[in-house]
Amino acid sequence: MIRLRDAVRMLAGTRWSDRRGDADHGGVNRNAASGFRVHLYGDRALLVEVADLPAVAAVRTALERSPLPGQRDLVPAARTVLVVLDRAPSDLDVATLRRLVPQAPASGTAAATVELPVVFDGVDLAEVAELTGRSVRAVVAELTTVELTVAFGGFAPGFGYLSGLPDDLHLPRRATPRTRVPAGSVALAGPFAGVYPQASPGGWQLVGRTEAVLFDADRDPPALLSPGTSVRFRDVG
Amino acid sequence: MLTVLAAGPLTTVQDLGRSGFAAIGVPRSGAADAASAGLANRLVGNDPAAAVLEGTAGGLRVRAERTVLVAVTGAPAPVTVDGRAAPFDAPLTLAPGAVLALGVPPVGLRTYLAVRGGIDVPPVLGSRSTDTLSGLGPAPLAPGDRLPVGVLHGEEPFVDVAPVRPLSSGPVLRVLPGPRREWLDPEAWTALTTQEWTVTADSNRVGLRLAGPQLTRARQDELPSEGLVPGALQVPPDGAPVLFLADHPVTGGYPVLAVVTTADLPAAAQLRPGDSLSFRSLP
């Protein structure tokens, strides 16, 4: 993937920006233009920062198909893909990730639609209504009409970050996270909605709860929600 | 087979943890002090991936139901076999019916018991680890539990005792800059690496909540949630940092100021509430 000459320059400490004008790297500049920033993250991981959710999916796909040597896991998120290694990252890894060619995720598998029955009685619902300057009723109406999509997983097994909330429901997290949020809690934070698959600590605003089983390690697949799944909330409260 | 007679405050089964399921939010988990767990496995000739028992603050008592080779490592809990003192950091043969008990360690928190052949409970998503955050893996041990032990053929290791550096209740942990250092005031890094910190009671296998100087943020906007690693030192808006351990969530939404080196994670995992610690910047 990386030419020896590039590797030697990289190990010699030549910065990426110094190489941009090099005619030999025309095929590479395209990737530089896509703006991958790579952060060192301790001595076993690198964090790739990208522009948006489609880029996250494309970087994840590329690294699933061509893993780095010793790649132990990938953690896709909102603007980043964390690459966890079983060894210390090298300058060569950083270079490889900077010039990674994004790949479109496999399509063809029809994205499932999941309808979640929700009782909207969350402890933060009144505060959420206040923050948005609307009635509780209006907030619930909005949450039950919007079509959400699982952008990525994370936080806990079976937890999906659901994108597609209207702007007025983009809310800050709580200043101090709760040490225990009950299983099935439906919650909002930033541009995302989510459902806590089991009791865990959490800093999101709690608006309701569902009885749906989000995750079962003995089920195949274990997670009800995986990236690409469409989700609707149905008010059963 | 081992029978659990007492489990102390918390005893769990642990191995190297789960890999490859992060995209659906499955954390790694695994032994909090991986170095001690690894040593225990080596002392009985196990594969590094064999599952061991991780006791917390002593109190574990188990009875061997057949002849087994075991080793105890980590926080130096006094070890007895049928009431008689037994060696630490060393292989030890238990006869059928023998009862091994761990006292309360004078320093450190987590003590490991490896059994030759490994604790052979059914794996969940490729690991036998109990993940206290997600609930995956076997439940924490309770009196009366019967734990299957694998069978390992071949030569037993020939070791008297492993030399191990004593634990400190005020260790210096080496840190590397985290990916979001610039989200904190420039003074935050200085405060982190020059001041003393205390482990608060609100600490567990997920992470250590630390008390110390207030760390203030340079940016008040929301950080999009992103992946976490063990050793990540995250700063919530209240300014009290959390140092993540083995059962950390897969992602988090607060900036990570620093990351403790992998080599110093075992020392972090041995800290108990009230212990002090400090951080030293790696050049």
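Sequence order as written defines residue numbering, which begins from 1 separately in each chain. Labels follow written order: the first chain is A, the first ligand is 1, and so on. Note on the predicted model: pLDDT of at least 70 is required for a residue's local features to be given, and 80 or more for side-chain atom pairs to be given and counted; whole-chain, interface and lining totals, by contrast, use all residues. Based on all heavy atoms of the structure, the side-chain values leave hydrogens and waters out of the count.

### Some remarks on the domain arrangement of chain A
All names here are of chain A. The domain boundaries here were taken from an automatic or database domain assignment. The domains assigned to chain A are domain 1 (4-99) and domain 2 (113-235). Any two residues whose heavy atoms approach within 4.5 Å at even a single point are treated as in contact. At the junction of the two partners, domain 1 supplies 5 residues and domain 2 supplies 6 residues. By definition, the buried area sums, over both parts, the 1.4 Å-probe accessible area that each loses when the two are put together. Together domain 1 and domain 2 conceal approximately 330 Å² of surface at their shared face, both sides included; 80% is due to carbon and sulfur atoms. Three residues, L53, P76 and A78, lead the burial of domain 1 against domain 2; their summed loss comes to 72% of the area buried on that side. Should a side-chain nitrogen of Lys or Arg be within 4 Å of a carboxyl oxygen of Asp or Glu, the pair is scored as a salt bridge. If you look at where domain 1 meets domain 2, you find 0 salt bridges. Any pair of N or O atoms that falls within 3.5 Å is considered a polar contact. Within protein, one atom must be able to donate a hydrogen and the other to accept it, and sequence-neighbouring residues count only if both atoms are side-chain atoms. At the boundary of domain 1 and domain 2, one finds 0 residue pairs in polar contact (both at pLDDT 80 or more). Looking at the side of domain 1 that touches domain 2 residue by residue, the classes come out as 4 nonpolar, no polar and 1 charged. Each residue is assigned to one class: nonpolar for Ala, Val, Leu, Ile, Met, Phe, Trp, Tyr, Cys and Pro, charged for Asp, Glu, Lys and Arg, and polar for all the others, Gly among them.

### Overview of the layout of surface pockets
In this structure, the second largest pocket spans a volume of roughly 670 Å³. Points on a 1 Å grid over protein atoms alone make up a cavity when a 1.4 Å probe fits among them but cannot get out, and a pocket when they form an open set with protein on both sides within 12 Å along at least five of seven lines; lining residues each have an atom within 4 Å of a point. Residue lining of the second largest pocket: 35 residues in total, with R178(A), P201(A), G202(A), V206(B) and P249(B) positioned closest to the centre. At the level of secondary structure, the elements contributing two or more residues to the lining of the second largest pocket comprise β8 (178-181) and β11 (200-202) of chain A together with β14 (207-211), β17 (242-244) and β18 (251-252) of chain B. Here the residues of the lining of the second largest pocket sort into 17 nonpolar, 13 polar and 5 charged. Grid points are joined across faces, edges and corners, and a volume is the space filled by probe spheres set on the points. Here a helix means four or more residues in a row that DSSP labels H or I, a strand means two or more in a row labelled E, and each is numbered from the N terminus.

### Looking at the packing of helix α6 (residues 125-132) of chain A against helix α7 (residues 136-145) of chain A
Residues and elements named next belong to chain A. Interaxial distance between α6 and α7 falls to 9 Å at its minimum, and their mutual angle equals 90°. Compared by their axis directions, α6 and α7 come out roughly perpendicular. Residue-level inspection shows L125, A126, V128, A129 and T132 of α6 in contact with α7, the latter providing V136, V139 and V140. Class assignment of the residues belonging to the contact of α6 with α7 gives a composition of 7 nonpolar, 1 polar and no charged. Inter-axis angles, ranging from 0 to 180 degrees, are taken between N-to-C directions of lines fitted to C-alpha atoms, where helices are fitted over the stretch in contact. Angles below 35 degrees are treated as roughly parallel, those above 145 as roughly antiparallel, those between 65 and 115 as roughly perpendicular, and all remaining angles as oblique.

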